[in-house]
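# Reading the structure
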Amino acid sequence: MKMKKVILGLVAATTVLTLTACGSNKKAEPNHYVDQIKDKGTLTVALNPEFAPFEFQVIKDGKNTIVGSDIDLANEIGKALGVKVKFQAMDFNNVLASVESGKADIAISGISATPERQKAYDFSTPYYKAKNVMIVQKSQTDTYQSLSAFDGKKVAAQKGTVQENIVKEQVKGANLVSLTKNGQMINELKNGTVSGVVFEEPIAKAYVAANPDLSIVTDISFDSSKSDSYAIAMPKDSGNLKKEIDKVITQLKADGKIEEFVKTNFELSQAAAK
């Protein structure tokens with residue numbers, strides 16, 4: 001009887017080890033994401049279309065259409081995978097969550113690959129780097145020439161972004177106001193509810209160009225280590241999906257296409273604002 005128990009125990013242990021080994025192999029080679037995308041024929045992309053020139057909305061052929069340099073990039077990835085691209089618009093603080101829940105395959109929305117986010121998601125190689133700037137009412141530019149000038153004032157940043165941390169860590173005397181939409185922050189700035197807004201430079205330039213009563217404070221600079229390197233977010237352990245996306249980004253950067261996409265869509269955003 002004892003011998004039978006020993007044999008059964010060895011069989012059970014062997015079974016567990018075999019299952020564990022199978023699981024490890026599957027995790028080590030997680031190529032199913034690419035297969036799933038190709039099987040359904042669609043790459044679903046989560047984004048927040050409030051980041052001109054990266055993603056924004058225009059009226060095209062009588063329809064509200066999402067455009068931008070990130071859209072061009074996503075379409076190039078879709079082309080490389082041989083699938084159509086479907087865009088899902090949402091608030092920025094829901095963009096990453098949609099990837100985690102499986103509602104979207106990837107997220108591309110001016111996302112920074114912070115150490116905290118890297119614990120939960122895979123990120124592509126960076127495709128664009130932008131510094132952060134402060135914008136204020138143009139009539140108040142002379143008043144706000146330093147970060148200390150915002151002591152006791154309200155400064156807005158978009159909820160769930162790197163800019164929130166920048167305000168907390170580098171504009172320490174200010175009161176952070178976290179809002180979900182860029183347009184809301186601009187309105188709060190224009191009506192004087194907040195004294196400043198922290199944006200990535202390309203986005204700030206687009207808003208200032210569309211709102212002559214606003215201005216970028218050129219004398220204010222933030223820690224260069226806090227500059228944004230935009231990357232595409234995808235599920236953890238994405239395997240060949242990350243490889244395929246990195247390949248597309250590397251080629252586009254080498255060809256100067258990313259900068260071309262940004263320039264073209266910045267001009268488009270200005271034309272749309274007129």
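Data block above holds the structure.
Computed from a predicted structure; not experimentally measured.

This part is about the overall build of the chain. Counting secondary structure elements, the chain contains 10 helices and 14 strands. Taking all 274 residues of the chain together, the buried fraction comes to 44%. Residue pairs at least 24 apart in sequence account for 73% of intrachain contacts in the chain once pairs closer than 6 positions are excluded. When the accessible area of the chain is evaluated, it comes to approximately 14,200 Å², of which 52% is carbon and sulfur surface.

With that settled, the discussion passes to the side chain of Glu-164. Along the chain, Glu-164 falls in helix α6 (residues 162-170). No salt bridge is formed by the buried Glu-164; its nearest oppositely charged neighbour, Lys-168, is found at 5.1 Å. Of note is the side chain of Glu-164, whose polar atom sits 3.0 Å from the backbone nitrogen of Gly-160. If sequence neighbours within four positions are ignored, Glu-164 has contacts with Ala-157, Gln-158, Lys-159, Leu-176 and Ser-178.

If you trace the five strands from one edge of the open sheet to the other, you get β10-β9-β11-β8-β12, paired in mixed fashion. Strands with a single pairing partner mark the edges of an open sheet, and in this sheet they are β10 (175-179) and β12 (214-216). Neighbouring strand axes in the sheet, compared pairwise and without regard to direction, differ in orientation by 30° on average. Inspection of the sheet shows strand β9 (residues 154-158) paired to β10 by five bridges, in the parallel sense. Bridge pairing in β10 places Val-155 opposite Leu-176.

Another aspect to go through is the side chain of Thr-141. Assignment of secondary structure puts Thr-141 in the loop between β8 (132-137) and β9. We classify Thr-141 as buried; its relative accessible area is 17%. When near neighbours in sequence (up to four residues on either side) are disregarded, Thr-141 contacts Val-136 and Ser-215.

Residues lying three or four places apart along an α-helix face the same way, a consequence of the helix completing one turn every 3.6 residues. Given a rise of 1.5 Å per residue, 13 residues ought to cover 18 Å, and the 19 Å separating the end C-alpha atoms of helix α3 (residues 69-81) matches this to within 8%. Every buried residue belonging to α3 is among Ser-69, Asp-70, Ile-71, Leu-73, Ala-74, Ile-77, Gly-78 and Leu-81, and all of these are buried.

Tallied over the entire structure, the rule returns 11 salt bridges. Among the ionic pairs, Lys-181 bridges to Asp-91, the shortest N-O distance being 2.8 Å. With Lys-181 in the loop between β10 and α7 (182-190) and Asp-91 in the loop between β4 (84-89) and α4 (92-101), this pair connects stretches of sequence that are 90 residues apart. Asp-122 is paired through a salt bridge with Lys-236; the nearest N and O atoms lie 3.9 Å apart. Separated by 114 residues along the polypeptide, Asp-122 in strand β6 (residues 121-123) and Lys-236 in the loop between β14 (233-235) and α9 (240-254) bring together distant segments of the chain. The exposure class of Asp-122 is buried, given its relative accessible area of 13%. The class of Lys-236 is partly exposed, set by a relative accessible area of 36%.

Summarising the sheet, strand β2 (residues 56-60) and strand β3 (residues 63-67) pair through five bridges and their orientation is antiparallel. The residue of β3 that forms the bridge with Lys-60 is Lys-63. Adjacent in sequence and paired antiparallel, β2 and β3 are bridged by two residues, among which Asp-61 carries a positive phi angle near 55°.

One finds Leu-73, Ile-135, Phe-199, Ile-232 and Leu-241 to be the most contacted residues of the largest nonpolar core, which totals 57 residues. Of all the elements, α9 adds the most residues to this core, at five residues. Setting aside residues no more than four positions away along its own chain, Leu-241 makes contact with Tyr-33, Val-34, Ile-37, Leu-81, Asp-105, Ile-106 and Met-234. Residues Ala-174, Val-198, Val-217 and Phe-222 belong to the second largest nonpolar core, which totals 15 residues.

Rules used in this analysis
Residues numbered from 1 in each chain as written. Predicted model: local features only at pLDDT ≥ 70, side-chain atom pairs only at ≥ 80, totals over all residues. Heavy atoms only, no water. Helix = DSSP H or I, 4+ residues; strand = E, 2+ residues; numbered from the N terminus. Buried < 20%, exposed > 50% of the residue type's maximum accessible area, 1.4 Å probe, protein only. Contact = heavy atoms within 4.5 Å. Areas by Shrake-Rupley, 256 points an atom, 1.4 Å probe, with all protein chains shown as cover. Lys, Arg positive; Asp, Glu negative; His and termini not counted. Salt bridge = Lys/Arg side-chain N within 4 Å of Asp/Glu carboxyl O. Polar contact = N/O pair within 3.5 Å; in protein donor to acceptor, adjacent residues only side chain to side chain. Pairing = 2+ DSSP bridges. Axes fitted to C-alpha atoms, helices over the stretch in contact; angles between N-to-C directions. Expected span 1.5 Å × (residues − 1). Core = buried A, V, L, I, M, F, W, Y, C linked by side-chain atoms within 4.5 Å.

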